[in-house]
Amino acid sequence: MNIHSPETSEINDRLEAKRALAALRAWASKATPTEIAELDPAIARLLPDQPLANYPDLSREYPSDFEITPEYHASLPDLQNGPSSLIRGEKQLIQHVGISNFRLPIKFHIREGDDITLQTSVTGTVSLDAEKKGINMSRIMRSFYRHAEKTFSFEVMEAALADYVTDLDSLDARLQMRFSYPMRIDSLRSGLSGYQYYDIALEKVQQNGVLHKIIHLDYVYSSTCPCSLELSEHARQSRGQLATPHSQRSVARISVEVVEGDCLWFEDLIEMARAAVPTETQVMVKREDEQAFAELNAANPIFVEDAARLFCEQLKADPRIGDFRVIASHQESLHSHDAVSVLTDGPLFASASLDPKLFNTLFHVG
């Protein structure tokens, strides 16, 4: 009986592989590239000191003088417009697909009558039918750029939206433009003034053939806790103890549907917010302004529930505004958590679910 140790088996296997490799190389040295490719293209890599005859000889120089002909362009592959058989995953309608945060300078008309050019971040999306593989993302940008030199309004946004709905053969679409809008604001008492910057977004939504025009505004203010104010005064009066109420930087994100009629200017919406909650953070401040701001906060102590309802009161009184939503966040100096509220009016902004990180976006970092 023959007994082979593992070492003997390994040596025999190696010798057999060596003989097989020699035989394969001997055959490949006489075979044509076609014969090698038909058997296995990898065999060509086993031939020592020989070029890979069946591998394409590719140029490594960039062809700067190459010109696209219509015929060449027509031959380019386009997987996103391929048949539904190329779809990966479930064949399901996608409500929004597109591009976000492509930036360009856009001219906006301001209430005083001049134009202002602002760097603008644009998001454009369309719906995608269940039987369509995808969209050509660049068409959204190309459609938008056809209108980018115009002074923007909701009508221009609507034209851009209509273009890329047509270009992409879609039913529903959304166009959003975000920018930081400057307004010169006077100080409370010193006579100084400076620029306050407001985060604003314009949104045009086409859904089931219906168009909605929406303005989003982040309004930043100071909120003095009414409870803390009363407790501080109690300590002063009852015990002669100096105490200060807590107040904090707070943010309200106000989203309004603009209805047909007179123009709702950015400045109008900002002034509504300031009329509701006058303790807006300040730009230029001297000692007399700081004292005035302390007095203004004491005259307007406010819980986060109060803020939502005060903004609501102003918005409901303006006939240019349809549905709206107010999201307020008071970023507490007393607690290690924030106080928040959400108030909606009308079905457009109603939602049973909230983005888990919604309130994390209501930070104003200056």
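Located above this text is the structure these notes cover.
Residues numbered from 1 in each chain as written. Predicted model: local features only at pLDDT ≥ 70, side-chain atom pairs only at ≥ 80, totals over all residues. Heavy atoms only, no water.

Description of the overall build of the chain
Move 1: Across its full length, the chain holds nine helices and nine strands.
Move 2: Relative to a compact globule of 366 residues, whose C-alpha radius of gyration would be 21 Å, the chain shows 33 Å and is clearly more extended.
Move 3: Seen through its C-alpha atoms, the chain measures out along the principal axes to roughly 110 × 65 × 40 Å.
Move 4: Taken over 366 residues, the chain has a buried fraction of 37%.
Move 5: Long-range pairs, those at least 24 residues apart, make up 64% of the contacts in the chain with a sequence separation of at least 6.
Move 6: Just so you have it, the chain exposes about 22,700 Å², and 52% of that area is on carbon and sulfur atoms.
Move 7: The average position of the 36 basic charges and that of the 53 acidic charges among the side chains of the chain differ by 4 Å. (Helix = DSSP H or I, 4+ residues; strand = E, 2+ residues; numbered from the N terminus. Rg over C-alpha atoms; globule rule 2.2 N^0.38 Å. Buried < 20%, exposed > 50% of the residue type's maximum accessible area, 1.4 Å probe, protein only. Contact = heavy atoms within 4.5 Å. Areas by Shrake-Rupley, 256 points an atom, 1.4 Å probe, with all protein chains shown as cover. Lys, Arg positive; Asp, Glu negative; His and termini not counted. Charge placed at Lys NZ, Arg CZ, Asp CG, Glu CD.)

Side note on the packing of helix α7 (residues 266-276) against helix α9 (residues 304-316)
Move 1: The N-to-C vectors of α7 and α9 enclose an angle of 135 degrees; their axes lie 8 Å apart at closest approach. Our classification of the angle between α7 and α9 gives oblique. In the packing of α7 onto α9, the handedness of the crossing is right-handed. Facing Leu 269, Met 272, Ala 273, Ala 275 and Ala 276 of α7, the residues of α9 in contact are Leu 310, Phe 311, Gln 314 and Leu 315.
Move 2: Among the residues making up the contact of α7 with α9, the classes are represented as eight nonpolar, one polar and no charged. (Axes fitted to C-alpha atoms, helices over the stretch in contact; angles between N-to-C directions. Parallel < 35°, antiparallel > 145°, perpendicular 65-115°, else oblique. Left-handed = near helix turned anticlockwise from the far one by under 90°. Nonpolar A, V, L, I, M, F, W, Y, C, P; charged D, E, K, R; others polar.)

Describing the layout of surface pockets
Move 1: Of the pockets and cavities examined, the largest pocket occupies roughly 970 Å³.
Move 2: As for the largest pocket, its lining consists of 37 residues, and the residues nearest its centre are Gln 176, Glu 203, His 216, Arg 253 and Arg 325.
Move 3: Residue assignment for the lining of the largest pocket shows that the elements contributing at least two residues are β1 (94-109), β2 (115-128), β4 (173-186), β5 (193-207), β6 (210-224), β7 (247-258), β8 (321-330) and β9 (339-345).
Move 4: Of the residues forming the lining of the largest pocket, the biggest block, six residues, is contributed by β5.
Move 5: A per-class count over the lining of the largest pocket returns 11 nonpolar, 16 polar and 10 charged. (1 Å grid on protein atoms, 1.4 Å probe; cavity = no way out; pocket = protein on both sides within 12 Å on 5 of 7 lines; lining within 4 Å. Points joined across faces, edges and corners; volume = space filled by probe spheres on them.)

Brief notes about the nonpolar core
Move 1: If you look at the biggest cluster of nonpolar residues, it comprises 62 residues, and the most contacted ones within it are Phe 144 and Phe 311.
Move 2: Among all residues touching Phe 144, those that are not within four sequence positions of it are Phe 102, Leu 104, Ile 106, Val 122, Phe 152, Ala 160, Leu 175 and Met 177. (Core = buried A, V, L, I, M, F, W, Y, C linked by side-chain atoms within 4.5 Å.)

Digging into the side chain of Arg 253
Move 1: Looking at the element boundaries, Arg 253 is found in strand β7.
Move 2: Reaching out from Arg 253, the side chain makes a polar contact with the side chain of Asp 218 at a distance of 2.8 Å.
Move 3: Not counting chain neighbours up to four residues away, the residues in contact with Arg 253 comprise Leu 217, Asp 218, Arg 325, Val 326, Ile 327, Leu 358, Thr 361 and Leu 362. (Polar contact = N/O pair within 3.5 Å; in protein donor to acceptor, adjacent residues only side chain to side chain.)

Observations concerning a nonpolar patch on the surface
Move 1: Taken together, Phe 66, Ile 68, Tyr 72 and Leu 76 make up a surface patch of nonpolar side chains, about 390 Å² in accessible area.
Move 2: With respect to the helices and strands, the residue Leu 76 is situated in the loop between α3 (70-75) and β1.
Move 3: Among the residues examined, Leu 76 registers a relative accessible area of 42% and is labelled partly exposed. (Patch = residues over 30% accessible without salt bridge, like charges linked within 9 Å, V, L, I, M, F, W, Y side chains within 5 Å. Salt bridge = Lys/Arg side-chain N within 4 Å of Asp/Glu carboxyl O.)

Some thoughts on the side chain of Asp 172
Move 1: Here Asp 172 lies in the loop between α5 (154-167) and β4.
Move 2: Although Asp 172 is buried, it forms no salt bridge, and the closest oppositely charged side chain is Arg 174 at an N-O distance of 8.6 Å.
Move 3: In contact with Asp 172, other than residues within four places in its own chain, are Val 126, Ser 127, Gln 206, Gln 207 and Asn 208.

Examining the environment of Val 340
Move 1: Its place among the elements puts Val 340 in strand β9.
Move 2: A C-alpha to C-alpha distance of 8.1 Å links Val 340 and Glu 305, two positions 35 residues apart in sequence.
Move 3: Those residues in contact with Val 340 that lie beyond four places of it in its chain are Val 304, Ala 328, Ser 329 and Phe 359.

Section: the packing of helix α4 (residues 138-145) against α5
Move 1: Running from amino to carboxyl end, α4 crosses α5 at an angle of 145 degrees, the nearest separation of the two axes being 8 Å. Crossing handedness for the pair α4 and α5: right-handed. Along the contact surface, α4 presents Arg 139, Ile 140, Ser 143 and Phe 144, while α5 presents Ala 160, Asp 163, Tyr 164 and Asp 167.
Move 2: Of the residues in the contact of α4 with α5, the class split is four nonpolar, one polar and three charged.

What about the packing of aromatic side chains?
Move 1: The tally for this structure, following the rule as stated, stands at eight aromatic pairs.
Move 2: Ring centres of Phe 108 and Phe 266 lie 6.3 Å apart, and the angle between their planes is 65 degrees; this geometry places the pair in the edge-to-face category. One end of the pair, Phe 108, is in strand β1; the other, Phe 266, is in helix α7, and 158 residues separate them in sequence.
Move 3: Members of the aromatic cluster, connected to one another through ring pairs, are Phe 108, Phe 179, Tyr 181 and Phe 266. (Phe/Tyr/Trp six-rings, centres within 6.5 Å; stacked < 30°, edge-to-face > 60°.)

What to know about the pairing of β2
Move 1: In terms of residue burial, β2 counts as a mostly covered element, since 10 of its 14 residues are buried.
Move 2: In the sheet, β1 pairs with β2 via 12 bridges, with the strands oriented antiparallel. Opposite Val 97, over in β2, you have Val 126 as the bridge partner.
Move 3: Hairpin connection between β1 and β2: a loop of five residues separates the two successive antiparallel strands, and Gly 113 in this loop has a positive phi of roughly 110 degrees.
Move 4: Sheet analysis places β2 next to β4, joined by six bridges and oriented antiparallel. Bridged to Thr 123 within β4 is Gln 176. (Pairing = 2+ DSSP bridges.)

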